[in-house]
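# Close look at the chain arrangement
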Amino acid sequence: MNKFIQSFATQQLLPPWKAEGSTCWCFAVRLTERCVRNYLDDYFNAPYPPDPSPFRYEPLPTTQFGLIVVCRQERISSQPNGSDCLAHNEVYLAIPVHRCEDGPPPTQKVVWVQPFVFGDNPTVLFSTREIVGLAMAPADINCQAFAPNQLLADVEINGIVTFGPSACSELIPCMHVATGAVSNKVLGDFANENPDLGAFLKVAGESGFFAVPAPLQRGGAPKPCELNTLKQFRAVNDMEAAVYRAIVACRSTHSNVDNLVYFDPDKVEIDFTWSASVSEMLALFDIKPPPPTGYAPGSPDRASVRVELAYAFTSTVDFCVLKTLHTYDG
Amino acid sequence: MTKIPYVQSLGSLDVPPPYHFPNVTVNAFVWETQMGPIQHFCDTVLNLGTDADRGFVYQPAASWPYALLLFIDYPEMISTCPAPKGEPPYSDRGVVKQTEVFVSVPVVRTGLTPRARAFETAVEWALPFIVVGNGMSAVCGREMIGLEKLLADISIGEATYPDSFKGSVLLPGWATLEPGEMQKPDLPFLDVVTQPLLPTFRGSPAQKSLWTLFQNRPIGSLLSGLAAASELVDAAALGLLPIAMRTVSLRQFRDAAEPGLALYQALVTCRSKYTNIANFQFYNEDDVKIQFYDTGSFARILRVFMKVQGGSATSPTGLACPVTVKAAFRFNADIDFDDMRTIHTFAVERRGLKAVPKRSDLDSGWARALGGFFGPRKS
């Protein structure tokens, strides 16, 4: 490969990077198998007959859950030099899925995909999109309270409420998260009370930090978590074609995990504000455009999702790119 | 070669070009530039590989040794790109408003064989610095056409007096370059202040201003004639502003696992065409104050397009760097950003994959037109 020509504008957060003083608030929400499968088929299983991917992505055989994660990273820096220190907030949906390879021998591995990511630091935004291949969208993430035992955050994006020739982009609300009361229950209690969630945690727990309470309770360190992304760039002369498209595997590892807190899921508020710009994202939760009368009195464009498990913790995160799993060769 | 589909999301905030921008307001400032930094930019960013392999060379345009700083306010950005099948046209989804600031310098691409010298020589505009106020505009510019747009806090307005101009750019950066220093979200990078548009009783006497030259009837007619003629041949209007600016940029993608390596590198050109130019008015250039700030991580960008006295890219002076303005003006126009072309793809060897072959499509605009007229018959 050629040497990349560096400039001020390409001074991105280069992987591998380490985030110290990271706080994650995680909210497990139920998804439908159809929505997860549609997403995987559109993005990871999209056909390209001349050079088919050896991988097939499938929803887990359990009830489908995803984790909405709000992550506040106080200090990230590129490794090994610890250069380019910066702070960053991000909000994303992560879903565990099976990555299947026909083999021989056939393999099946639980990996995570992130259908949407919002970030508020452009240095991280450009790195995440252009190097890692996650389609992070720029957003204002306003955290009014962000202690591990309390989160009150709002996400706003520059988008369009309803598509139309004279509609204009503006800063619009997208998402609201509030944690409410801390719970005295532990993970086992939530899993026992909710068998679907228990089955999900059993599968997901084998795949990394998103089930961090489980290994913590056993006194062990969380396993590394593999994230797969679709990295693609358009062709200049045909914007519907990709001049480069590849599946990339990354790994995040959490250490120094502390300050684990559970919240009462019934008291957690996660509200999405519908807009045309995020309609596809909301379709993952089966949230459809608002009816003419609105979702509910007084909140015409808002829809809530029900949280079934909510927890927060602090940690140090190490992130690296493992490899490019498959490049679609044109 | 079969087309690899780009997986486009209906809800994606990506809006691909071409774009139509009606009724933009442009504040433009021209200063004399030094050849050294621009030649270095050409050599490191545009003249990749060897001359023999590449077949052309970029150099600063010695006949127009100026840099152009534009503050552009786009009240509407309309994508005229056809939509993916079954989806609503981009132009029917809505418009985006944004602000943009860039520095551009003319560069000349010269072919290295007699045939290439004749047909592939072209004047293009390199943009060593470009910032926008809209995050997705930055994303689209960077990923789709290789314009290395940064996201900035841009303010555009009036200074103290009516019809004056004040603009500033704040950028994320590192203020001191000390090890372990945290990034600041909004460090001052650029400030511009003018007096009111001419004629005005405020500020310095305008006798020496370029504006005075345009008030002279014979000179004004001559320059207007040149402007009209120049529009026909896509050259410079009044010698100050290109009516059709063809930008050139290096589009490159990092390898995910080894980000110091590029898995794709190509030169991309796009046309930025100004039409319906109206309200063309001058500022007194003697009263224009432009200051770039040579602090922290900004030292690296400043030295790309200007010669800074003292310091270096890794050791900034910490001082404000003023520039002496040769001309300053404001106008309204419609801008079309279109005709995107990959003019040269650099060969890249890739482990375990087919190599990206070298490809060129370098004929200059007029040669393309001739080729279309006299070229092979199309069925």
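Look up a bit, the structure's there.
The text that follows walks through the structure, step by step, so that each part is easy to find. Quick caveat: nothing in here was measured; it's all calculated off a predicted structure.

Turning our eyes to something else, we now look at the sheet that holds strand 15 (residues 302-304) of chain A. Residue and element names in this part refer to chain A. Reading across the sheet, the five strands line up as 8-9-10-14-15 and stay open at both edges, with antiparallel pairing between neighbours. Two strands bound the open sheet, and with one partner strand each, they are strand 8 (140-147) and strand 15. Direction aside, the axes of adjacent strands within the sheet are offset by 20° on average. Where strand 9 (residues 150-159) lies against strand 10 (residues 170-178), eight bridges are found, and the strand directions are antiparallel. In the strand pairing of strand 10, Ile157 is matched with Ile172.

Residues and elements named next belong to chain B. If you check helix 1 (residues 35-46), its first and last C-alpha atoms are 15 Å apart, about what twelve residues at 1.5 Å a residue would give, namely 16 Å. Pro37, Ile38, Phe41, Cys42, Val45 and Leu46 are the residues of helix 1 that are buried. Projected down its long axis, helix 1 shows its buried positions confined to an angular sector of 140°, all on one face.

Here we come to the packing of helix 2 (residues 122-132) of chain A against helix 4 (residues 135-145) of chain B. Any two packed helices are characterised by the angle at which their axes cross and by the distance between the axes. As a packed pair, helix 2 of chain A and helix 4 of chain B sit with axes 11 Å apart at the nearest point and diverge in direction by 40°. As the angle between them shows, helix 2 of chain A and helix 4 of chain B are arranged oblique. Helix-helix and strand crossings are classified by hand; for helix 2 of chain A and helix 4 of chain B the assignment is right-handed. Across from Leu125(A), Phe126(A), Arg129(A) and Glu130(A) in helix 2 of chain A, the residues of helix 4 of chain B making contact are Met136(B), Ala138(B), Val139(B), Arg142(B) and Glu143(B). Here the residues of the contact of helix 2 of chain A with helix 4 of chain B sort into five nonpolar, no polar and four charged.

Formed by 164 residues in total, the largest nonpolar core has its most connected members in Phe27(A), Phe285(A) and Phe292(B). Looking at this core element by element, the count peaks at ten residues for strand 16 (residues 307-327) of chain A. In this structure, Phe292(B) is in contact with Trp31(B), Val103(B), Phe189(B), Leu190(B), Leu302(B), Phe305(B), Met306(B), Leu319(B), Ala320(B), Cys321(B) and Val323(B), ignoring residues within four places of it in sequence. Membership of the second largest hydrophobic core comes to 41 residues, among which are Tyr90(B), Cys140(B), Met144(B) and Met245(B).

This part takes up the pattern of salt bridges. Counted under the stated rule, the structure contains 33 salt bridges over all chains. When the shortest N-O distance is used, the salt bridge between Glu308(A) and Arg306(A) registers 3.4 Å. Of the residues examined, Glu308(A) reaches a relative accessible area of 6% and is grouped as buried. A salt bridge links Asp329(A) to Arg350(B), with the shortest nitrogen-to-oxygen separation between them at 3.0 Å. Residue Asp329(A) is located in the segment after strand 16, and its partner Arg350(B) is located in the loop between strand 16 (325-345) and strand 17 (359-360); the two belong to separate chains. Here Asp329(A) matches Arg350(B) in class, with each residue buried. Here the salt bridges share partners, and the residues they tie into one network are Glu33(A), Arg37(A), Arg56(A), Glu58(A) and Asp102(A).

At the interface, 80 residues of chain B touch 73 residues of chain A. Contact between chain B and chain A buries roughly 6,900 Å² in total, counting both sides, with carbon and sulfur atoms accounting for 60%. When the buried surface of chain B facing chain A is broken down by residue, Ile4(B), Tyr6(B) and Arg254(B) rank first, second and third, together holding 13% of it. At the junction of chain B with chain A, the criterion picks out six salt bridges. In this structure, the salt-bridge partner of Glu143(B) is Arg129(A), at a minimum N-O distance of 2.5 Å. Sorting elements by how many residues they give to the side of chain B that touches chain A places helix 4 of chain B first, with seven residues. Looking at the side of chain B that touches chain A residue by residue, the classes come out as 44 nonpolar, 16 polar and 20 charged.

Analysis parameters
- Residues numbered from 1 in each chain as written.
- Chains lettered and ligands numbered in written order.
- Predicted model: local features only at pLDDT ≥ 70, side-chain atom pairs only at ≥ 80, totals over all residues.
- Heavy atoms only, no water.
- Pairing = 2+ DSSP bridges.
- Helix = DSSP H or I, 4+ residues; strand = E, 2+ residues; numbered from the N terminus.
- Axes fitted to C-alpha atoms, helices over the stretch in contact; angles between N-to-C directions.
- Expected span 1.5 Å × (residues − 1).
- Buried < 20%, exposed > 50% of the residue type's maximum accessible area, 1.4 Å probe, protein only.
- Arc of directions from axis to C-beta.
- Parallel < 35°, antiparallel > 145°, perpendicular 65-115°, else oblique.
- Left-handed = near helix turned anticlockwise from the far one by under 90°.
- Contact = heavy atoms within 4.5 Å.
- Nonpolar A, V, L, I, M, F, W, Y, C, P; charged D, E, K, R; others polar.
- Core = buried A, V, L, I, M, F, W, Y, C linked by side-chain atoms within 4.5 Å.
- Salt bridge = Lys/Arg side-chain N within 4 Å of Asp/Glu carboxyl O.
- Buried area = accessible area lost by both parts, 1.4 Å probe.

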